[in-house]
Amino acid sequence: MSVEADYRNADVDYNDEGGAKLFERSRIKALADEREMVQKKTFTKWVNSHLQRVSCRIVDLYTDLRDGRMLIRLLEVLSGERLPKPTKGKMRIHCLENCDKALKFLKEKRVHLENMGSHDITDGNHRLTLGLIWTIILRFQIQDITIEDDESDEKRSAKDALLLWCQMKTAGYKNVNVRNFTNSWRDGLAFNALIHKHRPDLIEYNKLQKSQPVYNLNNAFNTAEQKLGLVKLLDTEDINIDHPDEKSIMTYVVTYYHYFSKMKTETVMGKRITNVMTSVRENDKLIKEYEKLTSDLLRWIEHTVQVLGDRTFANSLTGVQQQLLAFNFYRTVEKPPKFMEKGNLEVLLFTIQSKMRANNQKPYLPKEGKLISDINKAWEKLERSEHERELALRQELIRQEKLEQLAERFDRKAAMREVWLGDNQRLVSQDNFGYDLPAVEAAAKKHEAIETDINAYEERVLTVVAVAEELESENYHDIEKINVRKENVLRLWAYLLELLKNRRLRLDYSLEIQKIFQEMELLLDSMEETKGQLLSEDYGRHLMDVEDLLEKHALLEADVSAYGERVNMVNQQADRFVDEKGVDGTGYTPVDPMIVKERIANLEESYQELQNVGHTRKDNLKESCKLWKFFWDLADDENWIKEMEQVLSSGDIGRDLTSVNLLLNKHKALEQEMSGRQTQLEGNMKAGEDLINEGHRDGDKIKARNADIQQNWEKLTDLSQQRKNRLNEATDMYQFFADADDVDIWMLDTLRLVSSEDVGHDQASTESLIKKHKIMTTELDNYSKVIGSLHEQADQLGDQDRDSPEVQARLGTIDRRYKELKDLNQLRKQRLIDALSLFKLFNEADNVEAWIDEKEQTLQALHPGEDLESNDILLSRFGRLEKEVEINASKVAIVNQLARQLLQSEHPNSPEINQKQNHLNQRWHALRELLDARREAILTSRGIQTYHIECIETTTWIRDKMKVIAATEELGNDLAGVTALQRRLKGMESDITAIEAKLDDLKKESDKLAQEHPEEEEEIKARYNGITEAWVNLNDVLKERESALADAGDLHQFLGDLDDFQAWLTKTQTAIASEDIPNSLKEAEKSLNKHAAIKDEIDGYEDKYAQLKETGERVTEGQTDAQYVFLKQRLQALDDGWIELHQMWDNRQHLLSQALNHQMFVRDARLADIILNQQDNFLANIKQPHSLEAAEEAIKKHENFISQMDNSDEKINTVITFANKLCDENHYAADKINKKAENIDERRKANRQAAEDALDKLRDQCQLQAFLEEAEELDQWITEKMVIAQEETYDEARNLHSKWQKHQAFEKELVENRERLDKLREHGDQLVQEKPEMKETVEEQLQDLEQKWQDLEDTTKSKGKKLFEANSQALFSQGCDDLDNWITDLETQVGHDDTLNDLVTVQNLLKKTTDA
């Protein structure tokens, strides 16, 4: 069957020219158009009812299905299958391809489509489009309806089956007789009957009347739409007519069929679900019972396990026996019922699972912890606890029996100890020591035997205590009685020890006083012997003799001092026994206090007498020593002065700076020696003056001796100053010549550089030489200061050196050489600059000429193409080539500029430069001329080709428009014909204007081309004349059709305005209906501005809309023709579209405002993310410091970072507040905004916490690094001291005594620095206590330091011991050597016979003898 079959009757061509035939044909055509309009509206609503599932909608059935997209969507919704993806694009080929995909899918579903192709849908063929939709409705909505006939068992067709279903459902309803899908539904009762049959609660059918069809239809349609959710496909005026459209009614009725069929299926399923739910509830009840019993049993088991696990037993034998009886009661009475309950639970679970399997349900499986296996495990745990309880009770019973036996043993031992302690207390209470030292010592030995016996008994006492403690540790129930008995034994033992201690103390006092008496007697004998030695009258005969006597007297004084210490010590010891209250205040005195006092006084008197004798002898010896010492010192000073005069009189000033510095150092050492000798000399002279003042008998000799010495000293001082001045002048002179030598060396090196002939071989090497030359110039300029300082140095020389010929000649030579260097340096600079400029010029010129060679070859190969496309390609290549020419033009300019500069500066290579410049410019001009010639030839060829193509296209365009106008001749002068003609002519206006403008352009182009190319003028003019002829014919035809259209008058004007307004309305609605949401803040603001402009445009069309409404009402008033009815519907649709336009504008305005706020939030959120990302980056890159300074710097940096975070929080809070505001306003993206705001807030909080944690870690690291730095300093100090301590230099005999003294100071330093290690240990302990995670590092450091300190102390002690031994050995050896030398010298001097002629000779000899 053809899709177009139902519409052929309307296309029958009637040849009868009679009026009746013409009216009948017009009437049939009007009815067909009316039926078509109803079907279009119904099918449009039906299509939208399905497309709304995928959020799509069509407005015009004919136009919106043209591109095939909506048709593919509709078929996907109806079939539930995926069709091929629609082709993007709006061109006709794209639309045909999409429609072809839809039709191909229908053919695959065995839908017969006769005489229909994709082009029919794309062209908007009304009848074929309606036929296609009806075919789709039949296939997917009606075809599946089948009802079997009970009599014949035959299946009816889909239409008959639907009709039969309606008859069955409406049977018995008053005034309802469904015989077809047209007139049977006009009164609306059939629709109400169908709804009442299935949902009697929605309609009161008895109140409906056949005479009110409009009410009946509206009632049924509204109820179906509002209560059943069925789309209102039909309107009342579509049904309440003479011949309702069958297809529209079937389309609507089939929606009733599908809805009520689905409702019946759901009712049957509900009953089945009820039965299943009843069974499920019973099973749930059993499950709850099982779970309750299981929970109770498990709870009892858990409680019982806890009770059985209690190990708190009664602390007596009787109590434990009662607990054992209670445990036996649990096992025999309480436990058996619970065991039965456990078995019943297993039976109940099996019953539940059996019932659920019978109902085809998944068997019940108890939750984890309530399985039968869990109950069995708990019961096994109960059994184990029960067994453990029984074992524990029996063990406790055995323990209590053992404690009773141990208590009896304690009582026996305690009684025995108490008797023994009482007997020994009486023994040690007696005192019988004797009254002399031997008797007291015998008593002491006896007491030691008693102490040994008593101390040996302590183990037995402790045995009693151990038994009591064992009873107490085992928590014996009568432990208080045991402890009282134990305390009594311990009290008796302590009292015995106290008695023993007191007796021992009294015995020690007696022994001590007897030893003091013996010491006093020995001390008196020693003092008497020393006193005899101090009473000698020998005071010495010369200085050595006196000093020897003084040394002996010092030894005796040391003995006297030792006697004093011994006297004080003995007296202090004896003073303790003087007090009558006793030594320890108890009243015990071993001897009479008066005897002790007498002996103390006698000893002190003897010692005082010894001291007086010693002071007298010492004063006499000192007086004798002073006189002999004075003469000896003056003779020594005089000899030293004479030796120094010979040294200072030398005329040697050295040969160079090194030798004169050595002489100066020797002179400084001599001055220091003179300074020290002067102090000694003044001291010696002062000693002589003191003797004179004391009235010594040799006062005149002493005075004369002082005057001679003073005169010799002043002479020596003058010689020393003269020698120093001369040496200083020599130093300055030699320093001047050394600096001059350095200057000469530097000038020779510089001369080799500035006189070099090398100027480089290319640009790079020359630039490198220029850089080096700049450095040399700077160094040469700066060296003038060095030469100036050399002149100043010469001016500061001494008088005899300043004007010497050697100095002046040396300065002149240096100045002359420096000036020559400056001149050579300037000359080399100019040569390098000239060379660099020449290299730059040649390099640039060569590069440009190479590029010109390449482009000349390219241009020689370019020729005009044979077609337009080839020439366009060539022109694009010329565009790229011109850009390259512009780039290289600047290079040519640079070459010319460099050449001019070099020529102006009279460069040595000027001829070569001039030749290079001229050659390059000639090549460049030749390239530009070739480029222009080639481009002009291609442009000429392209222009002619373009002209011919445009002429052909314009001629074809004009002929197409003539065909379109000729096709309008068959249209009539009625409303339909005028409307069609008006639309076509209106579409032609813009085309005519465009053609006319195109003709003007072609006229100008032809004249221009004919003038430029005379050889092709004839062909160019012929092309244009053909276009002009076609244009004249088009204007003639157009004028004829416009004259035919002028007869319509106002109707034509109104329809034109209506079409324009509807076109604008559709365009504006399309623009507003866009659901695109701006993706950026700029787009949102632009969209809002554009939307506001649309509002202004709508307001501007208000007057035109009112005028159209008024004119339309006037034109259609009183008209009943189908075309005027259709015009009324257009006007009504215009009203709906106008109202909908305003609503759409408001909705779009609200959406765009929210989009603007969203983009503002996105912008602010992006900034917040950037801030948070920066914070994340900073926190991720935090490195733990490895020094105190780095830790403090990191903390400071981190605190600044936290301050920046505080500032950033204000910005982030603003973003979050704005997000909350948008969410409160029900923003369309509220979920995303809220999620983003929460994410930002969470990241901010996470960063804050991470920053605080990082700061705490940094502070911890700072403390740790401070500790480690302090430890490192101590470690370094220990290492340095260890090096000193390990120096084994005690094998050398010299300076051993000073090394020993230094070592003692070193040991003292170690003791003083021990406090540093202790403080570091305290610091480390505090750090570990506060930060346990640092324990390993701190403890390792401290242990290392402790070990190193211990090693240092051990090394120091070892070295001290070795130094002490070596020093002792050295002192002994030195003493022996000195003694041997002294004896040898003494023998030599005594055996020499010198003649004594004067006093000086005698004194010198005496001095030598004394020294010996």
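Computed from a predicted structure; not experimentally measured. (Residues numbered from 1 in each chain as written. Predicted model: local features only at pLDDT ≥ 70, side-chain atom pairs only at ≥ 80, totals over all residues. Heavy atoms only, no water.)

A look at the overall build of the protein chain
(1) Moving on: A tally of regular secondary structure across the protein chain gives 36 helices and 0 strands.
(2) Moving on: The proportion of buried residues among the 1412 residues of the protein chain is 38%.
(3) Moving on: Working note: accessible area of the protein chain is about 84,200 Å², and carbon and sulfur atoms make up 49% of it. (Helix = DSSP H or I, 4+ residues; strand = E, 2+ residues; numbered from the N terminus. Buried < 20%, exposed > 50% of the residue type's maximum accessible area, 1.4 Å probe, protein only. Areas by Shrake-Rupley, 256 points an atom, 1.4 Å probe, with all protein chains shown as cover.)

Section: a negative patch on the surface
(1) Moving on: A contiguous patch of negative charge on the surface is contributed by E1189, E1192, E1193, E1269, E1270, E1272 and E1273.
(2) Moving on: Elements with a contribution of two residues or more to the negative patch: α32 (1188-1224) and α33 (1230-1285).
(3) Moving on: Within the element layout of this structure, E1189 appears in helix α32.
(4) Moving on: On the accessibility criterion, E1189 (66% relative accessible area) is exposed. (Patch = residues over 30% accessible without salt bridge, like charges linked within 9 Å, V, L, I, M, F, W, Y side chains within 5 Å. Salt bridge = Lys/Arg side-chain N within 4 Å of Asp/Glu carboxyl O. Lys, Arg positive; Asp, Glu negative; His and termini not counted. Charge placed at Lys NZ, Arg CZ, Asp CG, Glu CD.)

Digging into the state of the cysteines
(1) Moving on: Taken as a whole and judged by the stated rule, the model has 0 disulfides.
(2) Moving on: Looking at the unpaired C95, the closest cysteine sulfur is the one in C99, lying at 6.8 Å. (Disulfide = S-S within 2.5 Å.)

Some details on helix α8 (residues 189-198)
(1) Moving on: Counting buried positions along α8 yields 8 of 10 residues, so the element is predominantly enclosed.
(2) Moving on: Every buried residue belonging to α8 is among L189, A190, F191, N192, A193, L194, I195 and H198, and all of these are buried.

Some remarks on the pattern of salt bridges
(1) Moving on: All chains considered together, the criterion is met by 37 salt bridges.
(2) Moving on: Each of the salt bridges in this network shares a partner with another, and the network as a whole consists of D1206, D1209, D1241, R1244, K1245 and R1248.

Here we look at a nonpolar patch on the surface
(1) Moving on: A cluster of nonpolar side chains, namely L1379, W1382 and I1383, defines an oily patch on the protein surface of about 280 Å² accessible area.
(2) Moving on: Summarising the element assignment, L1379 is placed in helix α35 (residues 1335-1390).

Observations regarding the side chain of T223
(1) Moving on: Counting through the fold element by element, T223 comes out in helix α9 (residues 213-226).
(2) Moving on: Excluding its chain neighbours within four sequence positions, the residues that come into contact with T223 are I195, L202, I203 and L228. (Contact = heavy atoms within 4.5 Å.)

Re the packing of helix α20 (residues 699-754) against helix α21 (residues 763-795)
(1) Moving on: Closest axis-to-axis distance for the α20/α21 pair is 11 Å, and the angle between their directions is 160°. In terms of orientation, α20 and α21 fall into the roughly antiparallel class. Between α20 and α21 the crossing geometry is left-handed. Across from D732, Q735, F736, D739, A740, D742, V743, W746, M747, T750, L753 and V754 in α20, the residues of α21 making contact are M776, E779, L780, Y783, V786, I787, L790, Q793 and A794.
(2) Moving on: In terms of residue class, the contact of α20 with α21 is built from 14 nonpolar, 3 polar and 4 charged. (Axes fitted to C-alpha atoms, helices over the stretch in contact; angles between N-to-C directions. Parallel < 35°, antiparallel > 145°, perpendicular 65-115°, else oblique. Left-handed = near helix turned anticlockwise from the far one by under 90°. Nonpolar A, V, L, I, M, F, W, Y, C, P; charged D, E, K, R; others polar.)

A few points about the environment of M91
(1) Moving on: Mapped onto the elements of the fold, M91 is located in the loop between α3 (69-79) and α4 (92-108).
(2) Moving on: Sequence separation between M91 and D67 is 24 residues; the distance between their C-alpha atoms is 8.8 Å.

What to know about the confidence of the model for the protein chain
A low pLDDT score tells you not to read the predicted coordinates there in detail.
(1) Moving on: Mean pLDDT over the protein chain: 77, with 87% of residues reaching 70 or higher.
(2) Moving on: Counted against residues more than four places away or in other chains, residues 1-21, with its pLDDT under 50, gives 31 contacts. (pLDDT = per-residue confidence, 0-100.)

Considerations on the packing of aromatic side chains
(1) Moving on: Counted according to the given criterion, the structure contains 18 aromatic pairs.
(2) Moving on: For the ring pair F1178 and F1201, a centre distance of 4.0 Å and an interplane angle of 20° mean the geometry is stacked. Of this pair, F1178 sits in helix α31 (residues 1122-1180) while F1201 sits in helix α32; the two residues are 23 residues apart in sequence, bridging distant segments of the chain.
(3) Moving on: In this structure F1178 comes out as partly exposed when scored by relative accessible area, which is 21%.
(4) Moving on: Using a relative accessible area of 7% as the deciding quantity, one classes F1201 as buried.
(5) Moving on: Within the aromatic cluster, the residues linked to one another by ring pairs are F181, W185, F191, F221, Y252, Y256, Y259 and F260.
(6) Moving on: We note K1095 situated over the ring of W1145; from NZ or CZ to the ring centre the distance is 5.1 Å. (Phe/Tyr/Trp six-rings, centres within 6.5 Å; stacked < 30°, edge-to-face > 60°. Lys NZ or Arg CZ within 6 Å of the ring centre and 35° of its normal.)

Let's talk about helix α19 (residues 657-693)
(1) Moving on: The end-to-end C-alpha separation of α19 is 53 Å, in line with the 54 Å expected for 37 residues at 1.5 Å each.
(2) Moving on: Just downstream of α19, G695 is the residue with a positive phi angle, here 80°. (Expected span 1.5 Å × (residues − 1).)

Section: the side chain of H1158
(1) Moving on: On the secondary structure map, H1158 appears in helix α31.
(2) Moving on: When neighbours within four sequence positions are excluded, H1158 is seen to be in contact with H1227, Y1228, A1229 and I1233.

Re the nonpolar core
(1) Moving on: In terms of nonpolar packing, the biggest core is built from 70 residues, with I136, W185 and F191 touching the most fellow members.
(2) Moving on: The dominant element in this core, judged by the number of residues it contributes, is helix α6 (residues 126-142), at 9 residues.
(3) Moving on: I136 has contacts with W46, L71, L75, L78, L106 and Q141, leaving out every residue within four places of it along the chain. (Core = buried A, V, L, I, M, F, W, Y, C linked by side-chain atoms within 4.5 Å.)

Structural notes on the environment of Q917
(1) Moving on: Within the secondary structure layout, Q917 lies in helix α25 (residues 910-966).
(2) Moving on: For Q917, a relative accessible area of 11% gives the class buried.
(3) Moving on: For the pair Q917 and V892, spaced 25 residues apart in sequence, the C-alpha separation works out to 9.2 Å.
(4) Moving on: When residues no more than four places from it in sequence are discounted, the contact partners of Q917 are N896, A899, R900 and L903.

Notes on the packing of helix α13 (residues 372-427) against helix α16 (residues 479-534)
(1) Moving on: Where α13 meets α16, the closest approach of the two axes is 10 Å, and the angle between their N-to-C directions is 20°. The angle between the axes of α13 and α16 places the two elements in the roughly parallel class. Between α13 and α16 the crossing geometry is left-handed. Taken together, the residues of α16 that come into contact with α13 (itself represented by A407, F410, D411, A414, A415, R417, E418, W420, L421, N424 and Q425) are I482, R485, K486, N488, V489, L492, W493, Y495, L496 and L499.
(2) Moving on: Considered class by class, the residues forming the contact of α13 with α16 number 13 nonpolar, 3 polar and 5 charged.

Some points on unusual backbone geometry
(1) Moving on: Of note in this structure, N175 is not a glycine but carries a positive phi near 65°.
(2) Moving on: Mapped onto the elements, N175 comes out in the loop between α7 (158-170) and α8.

As for a positive patch on the surface
(1) Moving on: A grouping of R69, K85, K88 and K90 is seen on the molecular surface, where their side chains present a positively charged patch.
(2) Moving on: Mapping K90 onto the fold places it in the loop between α3 and α4.

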